[in-house]
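# A closer look at the structure
What follows is each chain in one-letter form.
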Amino acid sequence: MKDFEWASHREEGRTTDNLDFAHDCVGLPKSRVLIVGAFFCFLLFLIMVRLCIVCLTPMGSTDQGTKHIVRAALLDRNGYFLASSLDTFSIYAHPNKVMDKEEAIAALIGIFPSIDKARLIRNMHSKKSFVWISRHVAPNKKMAVKALGIYGLDVLSDSKRIYPMDRIFCHVLGTTDLDQQGLSGLEKSLNQRLMQSNEPVRTSFDLRVQNILYDALSHQISEHNAVGGNGIIVDLQTGEILAMVSLPDFSPSQPIYPTDPGYFNRNMSGVYEFGSIMKIANTAVLLENKKGTLRSVFDASRPIYIGRHRVTDFRGQNRPLNVEEAFVYSSNIAHAKMAAAVGGAAQKHFFEKIGFSRSIKTELGWCARPLFPKGNWPIGRVMTAGYGYGFAVTPLHVAASLIPLATGIAKPVTFLASPKYPGVRILKPSTVKDILYLMGQAVENGQAKKAAAINCVVGAKTGTANVRVGGRYAEKQNLTSAVAVFPLESPRYGIVLSIDRAKASAKTYHYATAGWMAAPVISRLVQELAPLLGVMTPESEDSGVAAKKSKK
């Protein structure tokens with residue numbers, strides 16, 4: 001009995017132990033199965049979600065890089081757009097992902113007929129992981145690529161720089177590359193500011209004034225078969241550049257190389273001897289240093305020699321001339337003697353004071369450095385500089401010098417609107433008054449007669465200078481220039497312009513001088529600008545009235 005009880009108990013115990021062991025052995029694999037099953041269910045769910053996304057989105061057209069570059073706009077002073085960015089799309093490919101390259105090439109050529117086929121084939125068969133197909137395409141082209149559903153072709157949201165006025169502002173605005181990084185002009189000099197802020201930049205330019213200057217210069221260059229030309233219009237009270245044109249030019253929407261003649265900005269990159277235009281400064285230094293008055297007389301009855309160079313006058317009066325007559329008749333002989341009377345130290349100091357000895361820094365960058373001899377000037381150089389030879393400056397230097405010569409106050413020139421430069425007086429009011437009187441007389445009685453305008457009294461000075469070719473002055477190849485201020489009684493605006501190597505014709509009585517080539521452009525500009533800028537003068541029909549009032 002005991003043996004049976006013991007056996008039963010042992011059997012029961014063994015059975016209990018086996019059940020516990022079996023429970024332990026079965027329970028652990030069940031939990032693992034549940035974990036593994038849950039993992040695979042989650043993985044299957046992710047795959048299904050991804051499949052849904054792929055099915056709903058055409059292959060290879062995921063609009064990568066939606067955060068494209070936004071570049072601030074450039075405006076004229078009145079708020080008109082001169083440069084802005086337009087949303088576009090760019091097509092690119094991963095050649096190593098494109099399965100059927102021939103199919104992709106044929107499809108792309110069908111969408112972009114003008115594409116470089118050889119380059120496309122070369123790129124698609126290359127081992128590169130990324131190649132551009134076409135930059136800055138329209139939305140319809142983008143949709144056509146998306147509709148192909150070719151794996152390995154992708155679309156990038158992009159933007160393109162556009163210039164509504166095309167070539168009219170090309171030199172001042174400059175250009176950008178395909179990634180909208182500035183390459184030249186204001187686009188380059190203001191690149192960081194334009195890239196970091198969406199706030200438009202308001203420039204000093206007036207779209208209307210720029211158009212008028214561009215048309216007038218283009219017409220004169222074409223009319224007289226000139227090599228080129230340039231012009232600047234400046235606000236004498238603020239230093240703002242309202243217009244600046246250099247011809248030949250280029251289209252900023254088309255690729256151009258720096259060696260192309262149209263890329264050269266004559267106003268800031270070229271230095272020139274301006275000839276008789278510099279007689280304004282030469283007269284001012286005489287008056288400012290009290291070495292003479294308008295009635296002081298200098299003998300111009302016969303040519304003079306500076307070294308082996310013979311100095312004569314164009315249509316010389318062959319008699320002694322006072323300062324006023326020397327200016328009106330533009331006598332080289334008299335001005336050379338006026339410079340000698342002033343002396344080299346005073347002359348050079350004055351030229352330095354009005355900015356002829358150094359480069360000008362602006363928002364557009366540095367202009368070319370003048371060819372301004374250093375050290376003490378010998379008497380020959382002093383006399384030569386008196387009538388505009390022996391040193392060379394940019395047209396921007398001439399425009400900047402007009403500010404103190406016409407107002408007495410020096411201010412920096414600027415390409416941005418609303419400057420706050422107080423300016424510094426560097427010329428006596430009496431000197432300014434005499435200079436304005438002389439410029440008025442040059443229009444009324446001198447070689448700048450063709451600069452007269454019927455609706456505004458203008459003061460002007462012309463200059464004809466031989467162009468250097470191969471290091472020597474070329475005969476009958478002239479840079480004809482003119483400067484002007486208007487209205488004369490209280491000058492608000494200044495003009496500097498040049499026509500390079502214009503051809504004489506029967507229309508100009510076979511003259512190719514500034515009086516025939518540059519002065520008429522001044523007249524046209526003033527007549528068109530005076531009503532636009534609100535500076536018409538009632539007494540302008542008799543230009544001498546205002547000139548005499550200025551003298552008084």
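The following paragraphs examine the structure supplied in this document. Quick caveat: nothing in here was measured; it's all calculated off a predicted structure.

The rules we used
- Residues numbered from 1 in each chain as written.
- Predicted model: local features only at pLDDT ≥ 70, side-chain atom pairs only at ≥ 80, totals over all residues.
- Heavy atoms only, no water.
- Phe/Tyr/Trp six-rings, centres within 6.5 Å; stacked < 30°, edge-to-face > 60°.
- Helix = DSSP H or I, 4+ residues; strand = E, 2+ residues; numbered from the N terminus.
- Buried < 20%, exposed > 50% of the residue type's maximum accessible area, 1.4 Å probe, protein only.
- Lys NZ or Arg CZ within 6 Å of the ring centre and 35° of its normal.
- Pairing = 2+ DSSP bridges.
- Axes fitted to C-alpha atoms, helices over the stretch in contact; angles between N-to-C directions.
- Salt bridge = Lys/Arg side-chain N within 4 Å of Asp/Glu carboxyl O.
- Parallel < 35°, antiparallel > 145°, perpendicular 65-115°, else oblique.
- Left-handed = near helix turned anticlockwise from the far one by under 90°.
- Contact = heavy atoms within 4.5 Å.
- Nonpolar A, V, L, I, M, F, W, Y, C, P; charged D, E, K, R; others polar.
- Polar contact = N/O pair within 3.5 Å; in protein donor to acceptor, adjacent residues only side chain to side chain.

## A short note on the packing of aromatic side chains
Applying the stated criterion across every chain yields a total of 18 aromatic pairs. Aromatic side chains phenylalanine 169 and phenylalanine 205 sit 5.9 Å apart centroid to centroid with 70° between the ring planes, which places their arrangement in the edge-to-face category. Here phenylalanine 169, found in the loop between β4 (153–162) and α5 (170–173), pairs with phenylalanine 205, found in the loop between β5 (201–202) and α8 (207–223); they are 36 residues apart in sequence, far enough to count as distant. Taking the relative accessible area as the measure of exposure, phenylalanine 205 reaches 0% and is therefore buried. For the pair phenylalanine 486 and tyrosine 493, a centre-to-centre distance of 5.7 Å together with 35° between the ring planes defines the contact as tilted. Take phenylalanine 486: its relative accessible area is 0%, and that puts it in the buried class. The exposure class assigned to tyrosine 493 is buried, which follows from its relative accessible area of 7%. Through pairs of rings, three or more aromatic residues link up here, namely Phe351, Phe356, Phe372, Trp377 and Phe391. The ring of tryptophan 516 has lysine 450 sitting right over it, with the charged end atom 4.3 Å from the ring centre.

## As for the sheet that holds strand β17 (residues 472–486)
Ordered by their spatial adjacency, five strands build an open sheet running β7-β6-β18-β17-β16, and the pairing between neighbours is antiparallel. At either end of the open sheet lies a strand with only one pairing partner, and these are β7 (241–247) and β16 (459–469). For this sheet, the mean angle separating the axes of adjacent strands, direction not counted, is 10°. Here β16 runs beside β17; their pairing, made up of 10 bridges, is antiparallel. Looking across to β17, one finds that glycine 459 is bridged to valine 485.

## Here we look at the pattern of salt bridges
What the rule picks out here adds up to 14 salt bridges. Here the salt bridges share partners, and the residues they tie into one network are Arg71, Arg161 and Glu187.

## Observations regarding the packing of helix α2 (residues 101–111) against helix α3 (residues 117–124)
The interhelical angle for the contact between α2 and α3, taken along N-to-C directions, is 150°, at an axis separation of 10 Å. Viewed along their axes, α2 and α3 adopt a mutual orientation that is roughly antiparallel. Note on packing geometry: the crossing formed by α2 with α3 is right-handed. On the side of α2, the interface is formed by Lys101, Ala104, Ile105, Leu108 and Ile109, while α3 contributes Lys117, Leu120, Ile121 and Met124. Its residues assigned to classes, the contact of α2 with α3 shows seven nonpolar, no polar and two charged.

## Here we look at the side chain of threonine 362
By secondary structure assignment, the location of threonine 362 is in strand β12 (residues 361–362). Within the structure, the side chain of threonine 362 is placed 3.0 Å from the backbone nitrogen of leucine 364, a separation counted as a polar contact. Here threonine 362 is in contact with Met268, Leu396, Val413 and Phe415, once residues within four sequence places are set aside.

## Considering the pairing of strand β18 (residues 493–500)
Looking down a regular strand, the side chains alternate between one sheet face and the other. Of all eight residues that make up β18, eight are buried, and the element is covered over most of its length. Here β18 shows two buried faces, one formed by Tyr493, Ile495, Leu497 and Ile499 and the other by Gly494, Val496, Ser498 and Asp500. Where strand β6 (residues 228–235) lies against β18, eight bridges are found, and the strand directions are antiparallel. Of the residues in β18, the one forming a bridge with isoleucine 233 is isoleucine 495. Strand direction decides the pairing type here: β17 and β18, joined by eight bridges, are antiparallel. In the sheet register, leucine 479 faces β18, and the bridge partner there is aspartate 500. Here β17 hands over to β18 after six residues, the two strands then running antiparallel side by side.

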